[in-house]
Structures are given as C-alpha cells and as structure tokens.
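# Structural overview
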Amino acid sequence: MSAEQAYCVPCHEVAKLQEKVLGFYREHGRVFPWRQTTDRYTVMVSEIMLQQTQAERVVPRFEAWIKCFPDPVSLAEAPLRSVLKLWSGLGYNSRAERLQRSARLVVSEFCGVVPGDPALLRTLPGIGPYTSRSIPVFADNLDIATVDTNIRRIFVHELGINASAPDRVLYAVAEQVLPRGRSREWHNALMDYGALHLTARKTGIASRSRQSTFLHSPRWYRGRILRYLLDNGQGMTLEDVEERYGQGPHDLGKIIEGMERDGIIERYGDGERRIRIRGDNDH
DNA sequence: ATCCGGCCGT
DNA sequence: ACGGCCGGAT
C-alpha cells in the first residue's frame, strides 16, 4: 500500500484540461520539421536543441544539422570542431559535445540505434529526466508522461498545483492527465498551449531558476573564447587569452578549466601553454 | 535591462 | 539542493 492518493486529480478536471489543451492544439498547433518524423535520433537532436532555445530559432539549425549529420554514425565520426560550428549560436555549447558523445555511445553500445527505453536513454550524457521520456513520447508515442517548465506552468495555472511542488508531485499529476494512446499529440499540445497561450509572462508564474546578467559574465567569456578558437584553427596561447580578455574581473584560468572539464577545449604544445578545440589537428 | 530553460558537478 | 552554463528576444 504505497499509492500516493494525496495528489489525485478529479475526473472532471482531467476531462476539462484535456479538452482545453487538445482544442487549442487543433486550432493553433504549430508545424515543425521534428514533428514530421518518428526517427528517434532525429527526435533526440531536436529535443536537445529545444532544451535551451525557442522553437522558431531552432528550426534552421535543426535542418542544417540533420542535413550534415543525418544519423548517429555521421555525428559520431565528425570532428568536434564541425559539431561546435554547426551548433554555434544556440548556446550551452557543452550540450553539442554531449550530443556527440551520446551518438558515439549509441554506435558503440546500442548498434547505432537510439534506444527507446527511458532508463537506457537516461544513461546517455546530456539526457536527463525530461528528455529521457520526451524522446520515446515524440518518436514512438509511448504512453508515459514527461514534465518541462511549460507543462509545470500549465499544471500550476490550470489545476492549482502549488508552485513549489516537487517534481514527483508534478509527474504524478502528469500521469493522471495523460490521455492513453495519444501521448505524442498530448505532449505537443501541452508545449504549444504553454508556449503560445499560457506564457510565463502572461501568467506571472516564474520558472524555478534564475541567472545573472550575461554581458561580461564567465559564460560570455566562454562564448568569446570558443568563437575565437572556431575562427582560428591554429589555437591560442594562454597569454593571448589574457591579452584579449584579461581586462575583465574574472579568473580566466578558472574559465579555461571549465571549458576543459566540459570537453570543449584541450591544452597542448609549449608546456601545455596553448589551447585549441579538442581534437583539432587529429588525423 | 530582464527573461527563458534541462542537465550536471559539487 | 544549488549554482553554472548560452545567446537571442523583448
């Protein structure tokens, strides 16, 4: 007897929400290239990109990516430099590196086929609780629920769920409102309802984490250093880094260290005094 | 000038 | 449980 009865959504609330969200989707649902496929790798690429960027801005980069890396093998075999180049502008570059690492694991551990089991997907780098479920939802119409902040905001606004409710409560609610057999349509509908209708701005429901200003932040310097290295294949010395970006208040050593730890860059040559995109000049 | 967001290391 | 990671939109 371990059933959680505490967060049971009444039947009529479930029906009302489903009608509202699916009705909105029938009238205002968006068409995206990743909604036209059931290929799990293609869906995985879109889900990783959508983690951090609004859908409209993902579209052209998604199409370029799929053209260049149509399957796990082509991504696995590519130099990191070309992967980061194709990713640049999307932000959070370490995710491109993780996506490639995932593709390599798919090739080496899963015979080149992206697994459809959330538990297996969860073992891949860059794939967490949300994405491990969203991939089989959108690719295979799997009857499980997944919750991102859009969906969380809908539950808070439409069902009166407490804004500080922990994830397990949100997932318990999501399980109960999922219309069986229509998981893909339902989650697409929730996304569009949250992104177009129940926006964060409109509802005043804040997402859980905030961040500091971007300009001249450590993230901004990371972006600048990576941009320079992508434009200059010969790499740079630590003195170059200091000269170009040392006027800021940040410890550039720590920033370089972070980029190294994320597998974006590596040190080489001249007593490890130079940095370059990891894998540059490998043949 | 502020907002948005899932994953990961600590 | 918390803070770091990106760049474009508004």
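The rules behind these values
Residues numbered from 1 in each chain as written. Chains lettered and ligands numbered in written order. Predicted model: local features only at pLDDT ≥ 70, side-chain atom pairs only at ≥ 80, totals over all residues. Heavy atoms only, no water. UniProt positions renumbered as here; feature names shortened; annotations may be inferred. Helix = DSSP H or I, 4+ residues; strand = E, 2+ residues; numbered from the N terminus. Contact = heavy atoms within 4.5 Å. Areas by Shrake-Rupley, 256 points an atom, 1.4 Å probe, with all protein chains shown as cover. Near = heavy atom within 4 Å. Polar contact = N/O pair within 3.5 Å; in protein donor to acceptor, adjacent residues only side chain to side chain. Nonpolar A, V, L, I, M, F, W, Y, C, P; charged D, E, K, R; others polar. Expected span 1.5 Å × (residues − 1). Buried < 20%, exposed > 50% of the residue type's maximum accessible area, 1.4 Å probe, protein only. Arc of directions from axis to C-beta. Phe/Tyr/Trp six-rings, centres within 6.5 Å; stacked < 30°, edge-to-face > 60°.

As annotated in an unreviewed UniProt entry, chain A is Fe-S cluster assembly protein HesB from Prosthecochloris vibrioformis. Entered under Cofactor (unreviewed entry) in the UniProt record, the comment concerning chain A runs "[4Fe-4S] cluster". A UniProt comment under Function (unreviewed entry) is attached to chain A, and it reads "Adenine glycosylase active on G-A mispairs. MutY also corrects error-prone DNA synthesis past GO lesions which are due to the oxidatively damaged form of guanine: 7,8-dihydro-8-oxoguanine (8-oxo-dGTP)."

## Overview of the overall build of chain A
Scanning chain A for helices and strands turns up 15 helices and three strands. Each principal axis of the C-alpha distribution contributes one length, and for chain A these read about 70 × 45 × 40 Å. In chain A, the proportion of contacts linking residues at least 24 apart, taken out of those at least 6 apart, comes to 66%. As displayed, chain A has an accessible area near 14,800 Å², and 50% of this comes from carbon and sulfur atoms.

## Topic: the protein's contact with DNA strand B
The environment of DNA strand B is formed by 21 residues, the closest being Tyr92, Arg95, Gly126, Gly128 and Gln211. Near the protein, within 4 Å, the atoms of DNA strand B are sugar or phosphate in 65% of cases. At 2.8 Å from a base nitrogen of DNA strand B is found a side-chain nitrogen or oxygen belonging to tyrosine 92. At 2.9 Å from a phosphate oxygen of DNA strand B is found a side-chain nitrogen or oxygen belonging to threonine 131. Of all the secondary structure elements, the ones that give two or more residues to the surface near DNA strand B are α6 (94-109), α8 (129-140) and α9 (149-159). Element by element, the count of residues in the surface near DNA strand B is highest for α8, at three residues. Tallied by class, residues from the surface near DNA strand B come to seven nonpolar, ten polar and four charged.

## Some remarks on helix α1 (residues 11-28)
Its 18 residues give α1 an end-to-end C-alpha distance of 26 Å, which sits within 8% of 26 Å, the value for a rise of 1.5 Å per residue. Within α1, burial applies to Val14, Leu17, Gln18, Val21, Leu22, Phe24 and Tyr25. Within α1, the buried residues cover an arc of 150 degrees as seen down the axis, which keeps them to one side. Away from the buried face of α1 by more than 90 degrees, exposed residues His12, Glu19, Arg26 and Glu27 are located. Elements that come into contact with the buried residues of α1 comprise α9, α10 (167-177) and α11 (183-197).

## A few points about the packing of aromatic side chains
With the rule as written, the count across this model stands at seven aromatic pairs. Ring centres of tryptophan 65 and phenylalanine 69 lie 5.2 Å apart, and the angle between their planes is 70 degrees; this geometry places the pair in the edge-to-face category. Measuring from ring centre to ring centre gives 6.3 Å for tyrosine 221 and tyrosine 245, while their planes differ by 75 degrees; the resulting arrangement is edge-to-face. Residue tyrosine 221 is found in helix α13 (residues 218-231), and its partner tyrosine 245 is found in helix α14 (residues 238-245); the two are separated by 24 residues along the sequence. By relative accessible area, which is 3% here, tyrosine 221 ends up buried.

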